[in-house]
2 protein chains.
Amino acid sequence: MIIRGNILNVFTDEIYPGEIKIEQGIIQSIKEVDQYFTDIIVPGFIDAHAHIESSMLTPSRYAEIALKHGTTGVVCDPHEIANVLGMEGVEYMINDAKYAPLKFFFTAPSCVPATQFETNGASLDSFDVESLLKRDDFVALSEVMDYIGVINDDEELIKKIDVAKKYNKPIDGHAPLLTGEELQKYVMHGISTEHECSSKAEALEKKRLGMKIMIREGSESHMLEEMINTPSDFIVTDDLKSDDLIQGHLNIRLRKAVDLGMDPFDAIKMVTINPAEHYNLNCGSISPGKSADLVFIDNLDDFKVNRVIVNGNTIFKKQKILYRANPLPLETTLHVDFKKTEDFDVKAQNPNHKSAVVNVINVVPNTIITKKGNAKLTVDKGTIIPSVFEDVLKISVIERYGGNTISNAFISGFGIKNGAIASSVTHDSHNIIVVGTNSEYMAEATNKIIKNKGGLVAISNKEELELALPIAGLMSDKPVNEVAKTSTQLNEIVERMGCPLESPFSTLSFMALPVVPELKITDKGLFDVNENKFIDLITHEE
Amino acid sequence: MIIRGNILNVFTDEIYPGEIKIEQGIIQSIKEVDQYFTDIIVPGFIDAHAHIESSMLTPSRYAEIALKHGTTGVVCDPHEIANVLGMEGVEYMINDAKYAPLKFFFTAPSCVPATQFETNGASLDSFDVESLLKRDDFVALSEVMDYIGVINDDEELIKKIDVAKKYNKPIDGHAPLLTGEELQKYVMHGISTEHECSSKAEALEKKRLGMKIMIREGSESHMLEEMINTPSDFIVTDDLKSDDLIQGHLNIRLRKAVDLGMDPFDAIKMVTINPAEHYNLNCGSISPGKSADLVFIDNLDDFKVNRVIVNGNTIFKKQKILYRANPLPLETTLHVDFKKTEDFDVKAQNPNHKSAVVNVINVVPNTIITKKGNAKLTVDKGTIIPSVFEDVLKISVIERYGGNTISNAFISGFGIKNGAIASSVTHDSHNIIVVGTNSEYMAEATNKIIKNKGGLVAISNKEELELALPIAGLMSDKPVNEVAKTSTQLNEIVERMGCPLESPFSTLSFMALPVVPELKITDKGLFDVNENKFIDLITHEE
């Protein structure tokens, strides 16, 4: 098989007309020819760091859309599903990815569970990590989020790091704002990448220590502009929602980088040869012996993708994707009984009291942090009543792993006037979380999620909509268009319900993450992150 | 332990005053300080490709001198000793290197024996290669010189390549002038470096295919000037003689590169982080977790080395090396009987003939190639007599591996008037080779080598000198100064004997290499490289 076009060479920063000879999916040779072509052939794009689960699509569904945009490889960390299902979840990702032409290079989750302050579905120990890292399709140890553990030489964590070293595989980092001596200790353990930099200065400090810097340009995090002139190595998405994925993948990030002034060859290397060399992938360049993963683009300004070839097979051409996913099913992972209205009631300590002062989670809009506040609420027949007027609503976390417990608290910032929203995507343990104006709506929303084996729900007095996420409560088996459309409609409904937040379900998903300040709720209760302990919901009654 | 100075950062191309905290030989952290220093601290230099045997020094002796010049790591291929002693030879190198502070990163010889047209001491099959490559101190498969074998999918050779892939270790290349489709096939097998480029164009063709380019600046090959503006990755020595090693190692190559206009940061990276990343070495940068291998230099013009630290220990300071080698002994490897004068006589086919026309090896001065010529020589009492007047001398190769055979022929170009020179360094099989004006001198020179367990000898009617190389017939156990001094004196003697060649022993060492054109002599006879067959010595008698 021969492919012709203007070939971009990532080793010499050249473009020349040539032909590529391919046999059995492998590039055999490249020959310069004296011919005129319009398209530029570049190596297939590789996303060096992504969590597929964030798209709410299965790997095979993710492939359907990412391939259209020229992405032929993703280094992906199945951290979310591992928290739900452990090794079985990781196996699901591998198996669902297996028949997709997009190459999923997995990393072995290093921090499951993420904390001990919430109940999750599974844990991965160093033996599990070893069983993954010895496989050829596992290319690295996933981001070591527990940097405190590294700094304190946590024995089990260091074992996982040592396993990666044993198999000669890179160790990914995640240490936002870590600096100085503590950062140096983190790096000393061999952790070699960082995608959490939020400033040039942070990136430069980490680069000086030899870390490879990933510029994150995802759905919520947009770092390209800040980082454009800072030494860096990769452009990654990390977390990309389905509606953003429809707009583009690395292709539009390349366009943005070049728009911002980055040299187009440098930009392309950040999503081709750089990740290929770092993770030891047999792709990322148009050279003999590499996989024939090729993308035809119109030019180095627009990065419009005209054709995509993987392993020598054309997968996308003339605006048509030639691959259709057939996602694997998965048994329900929600081991939880249907809830009753009264499960969501918050009882006063003394039923005769008339009011109660409670701790309140104050949302800081469009961030994942919260502030600790309080409110004085009415007690009616022994039940503490939320105040819609003052935007003090109820929030509950329902343990979904068989414990059947529920914890209730109060939250301010969601602004819902009459209804509830709920989700089974709740970092990092993915219990069910629900915010609502009363217990009836909250029970109804929760039970819809249980019925759907997971998902998102919005219910108001006027309308209701649900997105089923039956794959581990994290992913749909539907194609991207359906998922994106329902997601968008859900956001519109929540906005009409009075919520001022930009991404209400995203904000909701972080309200149970007890490693980000200040006050959070897990299935085990109200957690003060700064104090690193659970606290009482009610501070005073009268 | 704290080290202070102006620290050169290979990740950001910066130099800043700082202090390096070291524990147990590992860099823990780096801190910028507000202090004035004169010296620049750079990572210890790494030679990405060298054959220690070429220095005629054992690894420990090589370390004594290379460390003074700031070289703290050498990626080295024990190809020569493997041809003599096989795995036992490789083990010798490992063991002799073991206590030297210089880090020897070994590569597993891929092409032993080099050809079937001469007798060597051992062969390394794919099982031997695997037993080496599974070790941590073996970092790559050695240069795959048999590029014809690669192109023709030689089964055993491909097995060796597959072993390297299995252990995730790079495969070094050696394919001088290979081009076009054949080169692409070579690269397709995963061979990733080239140190044989002799022109910009050759380097660019190979670079385009993704090969990493080693600029070779050794004793015989000087490519820095030619390659200065060509994309390349490493500066290497390959083969360095002891007298050159005394002058400098990578330090003087850096100086030359910068003199020629190379950016000093780029030059330094070519001997630090680039080899470290390619061969996965835990050094090459001043960053947390890496070996504290540090070199203090005066500036980025002279690269004068003031202090050398390896694993946190000062090895060289104030012009004083703080390490003394204690080379391991080795049993004789010369399994050959003392020779008699008549063994070197070339008999006419018919003792009554008066003259014979013979094929003659014509040396092309200061290259390793020869031309095929002929000469008419006198036959005296049945023996063909060399013609000193016409510079047609005798050359013999004595099999040293127990076969006790000898092959005799004629050579022109050595210009010796009265005497003989002999050597047990004879690429690639290292039999004994001798050139002389008569059989008496040749027998005497050969027997001196046998007595010395190997070495170099020059004998004339006026003087004689020998350099014993008892370690596999390739290396001395003496320090560099002694070896270099005797080598220089030997060359001076040979010059006084009438020889016009710049490096007579080097030229001599290639006269038995039957893979380089045009006419060579091995222990099995006279070999026509272009015809790929042995030919008769005598073409005609009368």
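Keep in mind it's a predicted model, so treat the numbers as computed, not measured.

**Some words on the relation of the copies chain A and chain B**
- When chain A is brought onto chain B, the operation consists of a screw motion whose angular component is 180 degrees and whose axial shift is 0.0 Å, with 0.1 Å RMSD remaining. The two molecules are tied by a two-fold rotation axis, judged by turn and shift. Scanning chain A for the C-alpha nearest the rotation axis identifies N168 of chain A, at a separation of 4.0 Å.
- Take the interface residues of chain A: 100% of them recur as interface residues in chain B, which is what a same-surface contact looks like.

**Some points on the sheet that holds strand β15 (residues 313–317) of chain A**
All names here are of chain A.
- Pairing within the open sheet is mixed, and its eight strands lie in the order β3-β2-β1-β4-β13-β14-β15-β16. At either end of the open sheet lies a strand with only one pairing partner, and these are β3 (26–32) and β16 (320–321).
- Relative to strand β13 (residues 294–297), strand β4 (residues 40–43) is paired through four bridges, and the arrangement is antiparallel. Bridge pairing in β13 links I40 to I297.

**Things to note about the nonpolar core**
- Counting residues in each nonpolar core, the largest one holds 155 residues, and the members touching the most others are F104, I384, F414 and I421 of chain A together with I20 of chain B.
- Excluding residues within four positions of it along the chain, I421 of chain A makes contact with F414, I416, I433, V434, V435, V457, A458, V494, M497, P504, F505 and L508 of chain A.
- Residues V10, A108, M145 and I228 of chain B belong to the second largest nonpolar core, which totals 143 residues.

**So, the pattern of salt bridges**
All names here are of chain A.
- Using the criterion set out here, one finds 58 salt bridges over all chains in the structure.
- For E196, the salt bridge identified is with R216, shortest N-O distance 3.0 Å. Here the residue E196 occupies a position in the loop between β10 (193–194) and α8 (200–208), and R216 occupies one in strand β11 (residues 212–216), the gap between them amounting to 20 residues. Each member of the pair, E196 together with R216, is buried.

**A word on the sheet that holds strand β12 (residues 234–236) of chain A**
All names here are of chain A.
- Ordered in space as β10-β11-β12, the three strands form an open sheet in which the pairing is parallel. Looking at strand neighbours, the two that pair on one side only are β10 and β12, the edges of this open sheet.
- Taken together, the two bridges between β10 and β11 define a ladder with parallel strand orientation. Of the residues in β11, the one forming a bridge with T193 is K212.

**Focus on the interface of chain A and chain B**
- Taken together, the contact pairs 27 residues of chain A with 27 residues of chain B.
- Across the interface of chain A and chain B, roughly 2400 Å² is buried in total on both sides, 46% from carbon and sulfur atoms.
- If you look at where chain A meets chain B, you find six salt bridges.
- Residue E277 of chain B is joined to K212 of chain A by a salt bridge in which the shortest nitrogen-to-oxygen separation is 3.9 Å.
- Linking chain A to chain B there are twelve residue pairs in polar contact (both at pLDDT 80 or more).

**Focus: the packing of helix α4 (residues 126–133) of chain B against helix α6 (residues 155–166) of chain B**
All names here are of chain B.
- Interaxial distance between α4 and α6 falls to 9 Å at its minimum, and their mutual angle equals 15 degrees. Considering their axes alone, α4 and α6 lie roughly parallel with respect to each other. Judged by the sense of rotation from one axis to the other, the crossing of α4 with α6 is right-handed. Where α4 approaches α6, its residues S126, V129, E130 and L133 are matched on the opposing element by E156, K159, K160, V163, A164 and K166.
- Among the residues making up the contact of α4 with α6, the classes are represented as four nonpolar, one polar and five charged.

**With respect to the environment of S29 of chain A**
- When you line up the elements, S29 of chain A lands in strand β3.
- Classification of S29 of chain A by relative accessible area gives buried; the value is 3%.
- Considering only alpha carbons, one finds S29 of chain A and S142 of chain A, 113 residues apart in sequence, at a separation of 35 Å.
- If we ignore the near neighbours within four places in the chain, the residues touching S29 of chain A are E19, I20 and K21 of chain A together with E181 and Q184 of chain B.
- One polar contact links S29 of chain A to E181 of chain B, side chain to side chain, over a distance of 3.4 Å.

**Section: helix α1 (residues 59–68) of chain A**
All names here are of chain A.
- With nine of its ten residues buried, α1 lies for the most part within the structure.
- Within the span of α1, buried status applies to P59, S60, R61, Y62, A63, E64, I65, A66 and L67.
- G70 sits one or two positions beyond α1 and adopts a positive phi of about 95 degrees.

**A word on the pairing of strand β21 (residues 392–398) of chain B**
Residue and element names in this part refer to chain B.
- Counting buried positions over the seven residues of β21 gives seven, a clear majority of the element.
- Where burial is concerned, the two faces of β21 agree: the one with V392, K394, S396 and I398 and the one with L393, I395 and V397 are both buried.
- Two elements, β21 and strand β22 (residues 406–412), share seven bridges in a ladder whose sense is antiparallel. In the strand pairing of β22, L393 is matched with I411.

**A closer look at the side chain of D293 of chain A**
Residue and element names in this part refer to chain A.
- With respect to the helices, strands and loops of the structure, D293 is situated in the loop between α13 (273–279) and β13.
- Among the polar contacts made by the side chain of D293, one reaches the main-chain amide nitrogen of N311 at a distance of 2.9 Å.
- In contact with D293, other than residues within four places in its own chain, are V42, P43, G44, T72, K103, C283, I309, V310 and N311.

**Considering the packing of aromatic side chains**
- Per the stated rule, a full pass over the model turns up 14 aromatic pairs over all chains.
- Ring geometry for F117 of chain B and F534 of chain B: centres 6.0 Å apart, planes at 75 degrees, overall edge-to-face. With a gap of 417 residues between them, F117 of chain B in the loop between β7 (103–108) and α4 and F534 of chain B in strand β29 (residues 533–535) connect regions that are remote in the sequence.
- For F117 of chain B, a relative accessible area of 17% translates into the label buried.
- Taken together, a centroid distance of 6.4 Å and an interplanar angle of 35 degrees make the contact between F234 of chain B and Y279 of chain B tilted. Of this pair, F234 of chain B sits in strand β12 (residues 234–236) while Y279 of chain B sits in helix α13 (residues 273–279); the two residues are 45 residues apart in sequence, bridging distant segments of the chain. Across the pair, exposure class does not vary: F234 of chain B and Y279 of chain B are buried alike.
- Each member of the aromatic cluster is reached from another via a ring pair, and the members are Y62, F104, F106 and F138 of chain A.

Cut-offs and rules
- Within each chain, residues carry numbers counting from 1 in the order of the written sequence.
- Just so you know, chain letters begin at A and ligand numbers begin at 1, following the order they were written in.
- Given that this is a predicted model, residues contribute local features only at a pLDDT of at least 70 and side-chain atom pairs are listed and counted only at 80 or more, while totals for whole chains, interfaces and linings are drawn from all residues.
- With hydrogens and water excluded, all non-hydrogen atoms of the structure serve as input to the side-chain values.
- Superposition of the copies used a least-squares fit over C-alpha atoms from residues whose pLDDT is at least 70 in both.
- Residues are treated as being in contact if the distance between any of their heavy atoms lies within 4.5 Å.
- Criterion used throughout: strands pair if DSSP finds at least two bridges between them.
- Per the convention used, a helix needs a DSSP run of H or I reaching at least four residues, while a strand needs a run of E reaching at least two, with both numbered from the N terminus.
- As used in this record, nonpolar core signifies buried Ala, Val, Leu, Ile, Met, Phe, Trp, Tyr and Cys residues forming a set joined through side-chain atoms within 4.5 Å.
- Buried means the residue's accessible area, taken with a 1.4 Å probe over protein chains only, is under 20% of the maximum for its type, while exposed means over 50%, and partly exposed covers the values in between.
- Counted as salt bridges are all cases of a side-chain nitrogen of Lys or Arg within 4 Å of a carboxyl oxygen of Asp or Glu.
- The term buried area denotes the loss of accessible surface (1.4 Å probe radius) that occurs when two parts are joined, taken as the sum for both partners.
- Polar contacts here mean pairs of N or O atoms no more than 3.5 Å apart (in protein, one a potential hydrogen donor and the other a potential acceptor; neighbouring residues in sequence count only if both atoms are side-chain atoms).
- For helices, the axis comes from a line fit to the C-alpha atoms of the stretch in contact; other axes are also lines fit to C-alpha atoms, and the angle between any two N-to-C directions lies between 0 and 180 degrees.
- Reported orientations rely on four angle classes, namely roughly parallel under 35 degrees, roughly antiparallel over 145, roughly perpendicular from 65 to 115, and oblique for the rest.
- Helix crossings fall into two classes, left-handed where the near helix is turned counterclockwise from the far one by less than a right angle and right-handed where it is turned clockwise.
- Amino acids outside the nonpolar list (Ala, Val, Leu, Ile, Met, Phe, Trp, Tyr, Cys, Pro) and the charged list (Asp, Glu, Lys, Arg) are all regarded as polar, and Gly is one of them.
- Here is the rule: rings of Phe, Tyr and Trp (six-membered ring for Trp) pair when centre to centre is within 6.5 Å. Planes less than 30 degrees apart are stacked, more than 60 are edge-to-face, and the remainder are tilted.

Take it as geometry only, folks, not as evidence of what the structure does.
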